[in-house]
Amino acid sequence: MQRKAIVIGATGLVGQHLVKQLSELYDTLIVIARRPPRYINASMRFYQVNDFDNLAEIFASVGVDRKTDAFSCLGTTKKQAGSSETFRKIDHDYNVNFAKLCQERGVENFFLLSAMNADIDSRFLYNRVKAETEQSIIALDFAQLIIFRPSLLLGKHQGRPLESIGQKAFKLISPLVSESLSLHPISAKRVASAMAMSAHDIYERSKYRSEPMVKKTRIVENKQMLAMTRLKG
């Protein structure tokens, strides 16, 4: 069976690692982004979108169907977005719209990058919007929805000075910190690996199942991702 995947957020910290890993698993990898990802190979079909408000127009020609796995790593911060409203539009509205377009075309498996401490009642906008996005996509009732909640992401961030400071501090104490701690920072590459591994696991199990898979929403916490990818580093 020809395997196909679609990704948004492919140029972000996790997304740039994810597209590289997915290109080794899927026959066709559809990437929708404002600029080309750093890694491109023959299996990729890149669609440039200047405004995600026009995502439906792109979808009309990408050939997404029920055999397509969908991945979203799209996200920003209030500082990068410029305002609370724009931040919510990117992190919630664009992600949910993407998920709806996928669902309308029969996509069964959806993989969402969220964040640790996503909480609908949080006093922090970032955590609250992440939780709202999760709930909105859960309501779409995909056959398989897996939500990934990493802690502090290790990697080069642009425009995120506080996270850069946190990373530098962690490097100094990392030899003393066990990965068994739920707040342990995780590299973007390992988060991408956890997403790719989860998708491949669903695919492998489906080959030996005679009946449709029971619908399921699963949240993969930071500690689980660390365990899943321990050998990958």
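In this text the structure is predicted, and so the values were computed from the model without any measurement.

1. Examining the sheet that holds strand β4 (residues 68-72)
Spatially, the seven strands line up as an open sheet ordered β3-β2-β1-β4-β5-β6-β9, and their pairing is parallel. Looking at strand neighbours, the two that pair on one side only are β3 (44-48) and β9 (216-221), the edges of this open sheet. Strand-to-strand twist across the sheet, computed as the mean angle between neighbouring axes with direction ignored, equals 15°. Strand direction decides the pairing type here: strand β1 (residues 4-8) and β4, joined by five bridges, are parallel. In the strand pairing of β4, Ala5 is matched with Asp69. Packing against the sheet, helix α5 (residues 125-138) makes contact with β5 (109-113), β6 (144-149) and β9, and its axis sits at approximately 170° to β6.

2. Examining the pattern of salt bridges
Under the defined criterion, the tally for this structure stands at 10 salt bridges. Of the charged contacts, one joins Arg149 and Glu134 as a salt bridge, the two residues approaching to 2.6 Å between their closest N and O atoms. Residue Arg149 is found in strand β6, and its partner Glu134 is found in helix α5; the two are separated by 15 residues along the sequence. Classification of Glu134 by relative accessible area gives buried; the value is 4%. Note that Glu221 and Arg149 form a salt bridge whose closest N and O atoms lie 3.2 Å from each other. Placement of the pair is Glu221 in strand β9 and Arg149 in strand β6, with a sequence separation of 72 residues. Judged by its relative accessible area of 14%, Arg149 is buried. The structure contains a network of salt bridges with shared partners spanning Arg88, Asp93 and Glu132.

What counts and how
Residues numbered from 1 in each chain as written. Predicted model: local features only at pLDDT ≥ 70, side-chain atom pairs only at ≥ 80, totals over all residues. Heavy atoms only, no water. Pairing = 2+ DSSP bridges. Helix = DSSP H or I, 4+ residues; strand = E, 2+ residues; numbered from the N terminus. Axes fitted to C-alpha atoms, helices over the stretch in contact; angles between N-to-C directions. Contact = heavy atoms within 4.5 Å. Salt bridge = Lys/Arg side-chain N within 4 Å of Asp/Glu carboxyl O. Buried < 20%, exposed > 50% of the residue type's maximum accessible area, 1.4 Å probe, protein only.

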